[in-house]
Amino acid sequence: MALWASITIQACVTAVAVLLTLWGFWRFVVRPYLDRKVLELIEASREVEPAVTRGVKKGVAETLRELPESALDGTVKESTRQFLKFGSGLFENGLSSFLGSAADLDREKR
C-alpha cells in the first residue's frame, strides 16, 4: 500500500473516532445536563410569579395600614407635590444625559 493511501486512511479513521467521541459526549453527558437545568429553570419561573404577586399584595397592604389618617384627608398634598416634583426632575435629568436636553431635540428637528 502506498504511503499516501495509508496516511489518508489513518486521517479518516482519526476524524471518525474524534467525531464519534464528541457526539457521544454531547449525547450522553452534556444534553442530559442541559435538559435537567432547563427543567429547573422552568420550575423556578413558575414559582417566581406567585411569590412576586404575594409580595406586592403584602407590601401594599402594609403601606395602607401605616398611612396616617391625615393622608387620607388630603392634608399631605404639599409633600406629595414636592415628592412628585423631585421624582420628575430626577427622571428628566437622568434621561437627559442619555437622550439630550429639550434644546438638543429642537436643534435636531430644524
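Keep in mind it's a predicted model, so treat the numbers as computed, not measured.

*Asks:* An account of helix H1 (residues 3–66) is needed here, citing residue identities and associated values.
*Replies:* Given 3.6 residues per turn, any residue in an α-helix points the same way as the ones three and four places further on. The end-to-end C-alpha separation of H1 is 89 Å, in line with the 94 Å expected for 64 residues at 1.5 Å each. Approximately 35° is the largest bend angle found in H1, and it occurs at tryptophan 26.

*Asks:* Help me get a handle on a nonpolar patch on the surface, residues and values and all.
*Replies:* Taken together, the side chains of Val48, Val52, Val56, Val60 and Leu64 present a nonpolar region at the surface, about 450 Å² in accessible area. Relative to the elements of secondary structure, valine 48 occurs in helix H1.

*Asks:* Would you mind going over the environment of tryptophan 26 in detail, with residue names and values included?
*Replies:* Considering the arrangement of structural elements, one finds tryptophan 26 in helix H1. If near-sequence neighbours (up to four positions away) are discounted, tryptophan 26 is found in contact with Arg31, Pro32 and Leu34.

*Asks:* Can you tell me about the pattern of salt bridges, naming the residues and giving the values?
*Replies:* All chains considered together, the criterion is met by three salt bridges. Between aspartate 35 and arginine 31 there is a salt bridge, with the nearest N and O atoms lying 3.9 Å from each other. With a gap of four residues between them, aspartate 35 and arginine 31 both fall in helix H1, about one helical turn apart. Judged by relative accessible area, which is 41%, aspartate 35 ranks as partly exposed. Judged by relative accessible area, which is 42%, arginine 31 ranks as partly exposed.

Calculation criteria
Residues numbered from 1 in each chain as written. Predicted model: local features only at pLDDT ≥ 70, side-chain atom pairs only at ≥ 80, totals over all residues. Heavy atoms only, no water. Helix = DSSP H or I, 4+ residues; strand = E, 2+ residues; numbered from the N terminus. Expected span 1.5 Å × (residues − 1). Bend = angle between axes of the 7 residues up to and from the residue. Patch = residues over 30% accessible without salt bridge, like charges linked within 9 Å, V, L, I, M, F, W, Y side chains within 5 Å. Areas by Shrake-Rupley, 256 points an atom, 1.4 Å probe, with all protein chains shown as cover. Salt bridge = Lys/Arg side-chain N within 4 Å of Asp/Glu carboxyl O. Contact = heavy atoms within 4.5 Å. Buried < 20%, exposed > 50% of the residue type's maximum accessible area, 1.4 Å probe, protein only.

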